[in-house]
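Chain and residue survey
Here's the letter readout for the chains.
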Amino acid sequence: LKGMRAEEVASVVVAPGTVEGWPDDVPCEMTLTLKSFEKRPVGHEMAADGDKRAHVAELKDNGNKWFKQGDLARAKRRYEAAVYFAEYEEGVKDALPPVWGNLAAVAVAAEDWAGATAAADKCLAFDKTNVKAWYRKGLALGHLKDFDDAVRALKCALECDPKNAPSRRALK
């Protein structure tokens, strides 16, 4: 599909169970005609920082949608695309902390404790007061059996927000 041109026709087979509302037991075949296509600009083609920020926000929002649906692999890909884009574009690097935080959340949900720690550290490099990043780092370090650093991270979360219930529970 990625290589299709306008007015081109393709036959597509959709695997069973991949589309909500479609049959779960048999593949579905369909014929698609691409009527038109508007190519989105890539980073160096975006002149305004606002456009670049909007692109990062769109990727993040798309990742959030997949995360809420439980598709961690797709969520991770969207967040990584946002990181890849923002790391190499001037004027939008400050949009990265929430994306790194979301990557840490995906890693925690996938029980990728090393990945959660790395993503939380990247988030904290931008924002030392990010309670969720401290919490996710503490949780991951606990699972990695690095208990001293886990306790320190959870205490940092509580310093940032003394009423943070998940950090309090994790410390008990």
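An account of the accompanying structure is given in this report.

Conventions we followed
- Residues numbered from 1 in each chain as written.
- Predicted model: local features only at pLDDT ≥ 70, side-chain atom pairs only at ≥ 80, totals over all residues.
- Heavy atoms only, no water.
- Phe/Tyr/Trp six-rings, centres within 6.5 Å; stacked < 30°, edge-to-face > 60°.
- Lys NZ or Arg CZ within 6 Å of the ring centre and 35° of its normal.
- Helix = DSSP H or I, 4+ residues; strand = E, 2+ residues; numbered from the N terminus.
- Buried < 20%, exposed > 50% of the residue type's maximum accessible area, 1.4 Å probe, protein only.
- Lys, Arg positive; Asp, Glu negative; His and termini not counted.
- Salt bridge = Lys/Arg side-chain N within 4 Å of Asp/Glu carboxyl O.
- Contact = heavy atoms within 4.5 Å.
- Pairing = 2+ DSSP bridges.
- Axes fitted to C-alpha atoms, helices over the stretch in contact; angles between N-to-C directions.
- Parallel < 35°, antiparallel > 145°, perpendicular 65-115°, else oblique.
- Left-handed = near helix turned anticlockwise from the far one by under 90°.

**Looking at the packing of aromatic side chains**
For the coordinates displayed, the defined rule picks out 1 aromatic pair. Cation over ring: lysine 65 sits above tryptophan 66, and NZ or CZ is 4.3 Å from the ring centre. Above the plane of the ring of tryptophan 66 lies arginine 74, whose end atom (NZ or CZ) is 4.4 Å from the centre.

**Quick notes on the side chain of arginine 136**
On the secondary structure map, arginine 136 appears in helix H5 (residues 131-143). Buried charge without a partner: arginine 136 forms no salt bridge, and the closest opposite charge is aspartate 127, 11 Å away. Discounting chain neighbours no more than four positions away, the residues touching arginine 136 are Gly101, Asn102, Ala104, Ala105 and Val108.

**A word on the pairing of strand E1 (residues 9-14)**
Taking every second residue as pointing to the same face, the buried face of E1 carries Ala10, Val12 and Val14, while none of Val9, Ser11 and Val13 on the other face is buried. When E1 meets strand E2 (residues 28-33), the two strands line up antiparallel, connected through 6 bridges. Among the inter-strand pairings, valine 13 is bridged to a residue of E2, identified as glutamate 29.

**With respect to the packing of helix H3 (residues 96-109) against helix H4 (residues 113-126)**
Between two packed helices, the angle of one axis relative to the other and the distance separating the axes together describe the packing. At a closest axis distance of 8 Å, the pairing of H3 and H4 adopts a crossing angle of 165°. On the basis of the axis angle, H3 is roughly antiparallel to H4. Where H3 crosses over H4, the two elements pack in a sense that is left-handed. Along its contact with H3, which presents Leu96, Pro97, Trp100, Gly101, Leu103, Ala104, Ala107 and Val108, the element H4 presents Trp113, Gly115, Ala116, Ala119, Ala120, Lys122, Cys123 and Phe126.

Honestly, that's just the spatial picture; any functional story needs more than this.
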